[in-house]
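# Breakdown of the fold
Single-letter residue listing:
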Amino acid sequence: MLAKRIIPCLDVKDGRTVKGINFEGLADVGDAVELGARYAAEGADELVFLDISASREGRSTFTRLVERIADRINIPFTVGGGISTVDDASRLLDAGADKITVNSAAVANPELISQIAGRYGAQFVVAAIDAKLMDDGIWHVTTHGGSRVSGRELFTWASEVEARGAGEILFTSMNHDGTRNGYPCDTYARLAADLTIPVIASGGAGSVGDIAEVLQEGRADAALAASIFHYGEITVSELKRQLAALGIPVRTSL
Amino acid sequence: MIAIIDYKMGNIRSVENALRRLGAEYVLTDDRTVIAKADHVILPGVGHCGEAMHNLRERNLCRFIKDLRHPVLGICVGMQVMCRHTEEGDTDCLNLFDAHVRKFDAADGLKVPHMGWNDITNLDGKLFKDIKGGEYVYFVHSYYASLCPDTIATTRYGRMFSSALKYENFYGTQFHPEKSGDVGERIIKNFLKL
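Residues numbered from 1 in each chain as written. Chains lettered and ligands numbered in written order. Predicted model: local features only at pLDDT ≥ 70, side-chain atom pairs only at ≥ 80, totals over all residues. Heavy atoms only, no water.

## Quick notes on the UniProt feature "active site" (unreviewed entry) in chain A
Residues and elements named next belong to chain A. In the numbering used here, UniProt assigns the feature "active site" (unreviewed entry) to Asp-11 and Asp-130. Turning to its location among the elements, Asp-11 is positioned in strand β1 (residues 5-13). Tracing the sequence through the fold places Asp-130 in strand β7 (residues 125-133). Exposure remark for Asp-130: the relative accessible area of 7% places this residue in the buried category. In this structure Asp-130 touches Asn-103, His-140, Val-141, Thr-142, Gly-145, Thr-172 and Met-174, once residues within four positions along its chain are discounted. Of note is the side chain of Asp-130, whose polar atom sits 3.3 Å from the side chain of Asn-103. (UniProt positions renumbered as here; feature names shortened; annotations may be inferred. Helix = DSSP H or I, 4+ residues; strand = E, 2+ residues; numbered from the N terminus. Buried < 20%, exposed > 50% of the residue type's maximum accessible area, 1.4 Å probe, protein only. Contact = heavy atoms within 4.5 Å. Polar contact = N/O pair within 3.5 Å; in protein donor to acceptor, adjacent residues only side chain to side chain.)

Now the structure itself:
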């Protein structure tokens, strides 16, 4: 049976991993390659590395880091952060990434998804969507780490990125991210019903129960998390053991 | 020496990285003389199976591959081109494995492509030495090979399909051993011991 995936996410700046609460207050939690290898050995199903460097130097450091990750890690990994052209995606593919994520740049230029998927296939493109439920009762797609509200609505945009060739959707609720109070499971379940591509849940996990809920009631195919792993609250292997005990299909043997 | 056949079918860097991690020497080539001298041959492949057959024909590699007598491992589309026929572009393939390649039907309620970690069962032969049935490996594919007498591993996704095939010295895996963690590395090591 196809397993539900557990995906640690590492934010990277200048080759080092960082994680902030709601993208602020960054704290250094180590070398990205070493941390990634440790998660892989613990049973992570995939890894995501997000480049949060703002500078050109930071970007080229990240590309070299991706080469080191590809040399070392024997499970699939996705990279993202600031990808705005097909050339950016090509450079990361050549460096050894299995998938890339596009976010803000795709909201501004949806054609980017079609172009990258057209050249490298749907399996290479993960569309990251950050959205915020606002007082009007609508999930508004946001960009730039949640700081800008776009004119797009979550479910319409999710269907569009699928039609344009994205192979997966990584949805983060900006209302829940960093709160550790769980995920908006109804919203995930609606995405699962609307779409035929896998949905990855992100942002909000505070406990094993939260993750179990989004994989079951929320029908998410995978759960991505950062803080609970980075701060050593639970190991990937222990999380998967507990999910398996709840009857959720996960890859537990290594 | 391992020859990875270079026929311009997708990113093979992950295959190279996996071999390097195992300390194996390899060469990336479409030169028949070099391939003929190798101890093992790997036929990778990501993309359209019809295009893969086209690229093999263009390099006059079809008959040559069928005549190889050393261990050959096809991965993903590299396995599919070794089957009888694929629905992808209605393409006749190398006809080494007695399997037909068909598309997963999204109407069955399946997400297509089949992507992620799934378990392999009914394991048969040296490729799976010391691998237990029920271990998980990594898949990314929209087309699957039917069950046939050459099947040496099965996986269920809506239906049972061939997740690995073997005919004489030819092996194929639908999954990506180079991305399948420690289990995948053991499968590659087993292949290199053949």
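## Focus on the nonpolar core
Of all hydrophobic cores here, the largest spans 82 residues; its most connected members are Phe-49, Ile-211 and Leu-243 of chain A. Ignoring anything within four residues of it in the chain, the contact list for Phe-49 of chain A reads Leu-10, Val-12, Ala-32, Gly-36, Phe-62, Ile-69, Phe-77, Thr-78, Val-79 and Gly-80 of chain A. (Core = buried A, V, L, I, M, F, W, Y, C linked by side-chain atoms within 4.5 Å.)

## Focus on the packing of aromatic side chains
Taken as a whole and assessed by the stated rule, the structure comprises 14 aromatic pairs over all chains. Ring centres of Tyr-120 of chain A and Phe-124 of chain A lie 5.4 Å apart, and the angle between their planes is 70°; on these two criteria the pair is classed as edge-to-face. When its relative accessible area of 1% is taken as the criterion, Phe-124 of chain A is described as buried. Here the aromatic rings of Tyr-183 of chain A and Tyr-188 of chain A are separated by 6.0 Å at their centres, their planes lie at 80°, and the arrangement is edge-to-face. A connected cluster of aromatic rings, assembled from ring pairs, spans Phe-104, Phe-139, Tyr-144, Tyr-157, Phe-161 and Phe-175 of chain B. Directly above the ring of Trp-117 of chain B sits Arg-251 of chain A, whose terminal nitrogen or CZ lies 3.6 Å from the centroid. (Phe/Tyr/Trp six-rings, centres within 6.5 Å; stacked < 30°, edge-to-face > 60°. Lys NZ or Arg CZ within 6 Å of the ring centre and 35° of its normal.)

## Examining the environment of Leu-154 of chain A
Mapped onto the elements, Leu-154 of chain A comes out in helix α6 (residues 154-163). Residue contacts for Leu-154 of chain A: discarding those within four places in its chain leaves Ile-129, Ala-131, Trp-139, Val-141, Phe-171, Thr-187 and Leu-191 of chain A.

## Regarding the UniProt feature "active site" (unreviewed entry) in chain B
The feature "active site" (unreviewed entry), as annotated in UniProt, sits at Cys-76, His-176 and Glu-178 of chain B in this numbering. In terms of the greatest pairwise C-alpha distance, the residues named above, spread along 103 residues, form a tight cluster of at most 11.0 Å across. Turning to its location among the elements, Cys-76 of chain B is positioned in the loop between β4 (72-75) and α5 (77-80). On the secondary structure map, Glu-178 of chain B appears in the loop between β13 (170-173) and α6 (181-192). Setting aside its immediate chain neighbours within four residues, Glu-178 of chain B contacts Asn-74 of chain A together with Ser-14, Val-15, Ala-18, Arg-21, Ile-75 and Ile-188 of chain B.

## Some words on the pattern of salt bridges
Scanning the model with the defined rule gives 28 salt bridges over all chains in all. Across the pair Arg-164 of chain A and Glu-160 of chain A runs a salt bridge whose closest N-O atoms are separated by 2.8 Å. For Glu-160 of chain A, a relative accessible area of 25% translates into the label partly exposed. As a salt-bridge pair, Asp-67 of chain B and Arg-63 of chain B come within 3.2 Å of each other at their nearest N and O atoms. With a gap of four residues between them, Asp-67 of chain B and Arg-63 of chain B both fall in helix α4 (residues 62-67), about one helical turn apart. Of the residues examined, Arg-63 of chain B reaches a relative accessible area of 55% and is grouped as exposed. One continuous salt-bridge network, built from bridges that share partners, spans Arg-5, Glu-46, Lys-99 and Glu-168 of chain A. (Salt bridge = Lys/Arg side-chain N within 4 Å of Asp/Glu carboxyl O.)

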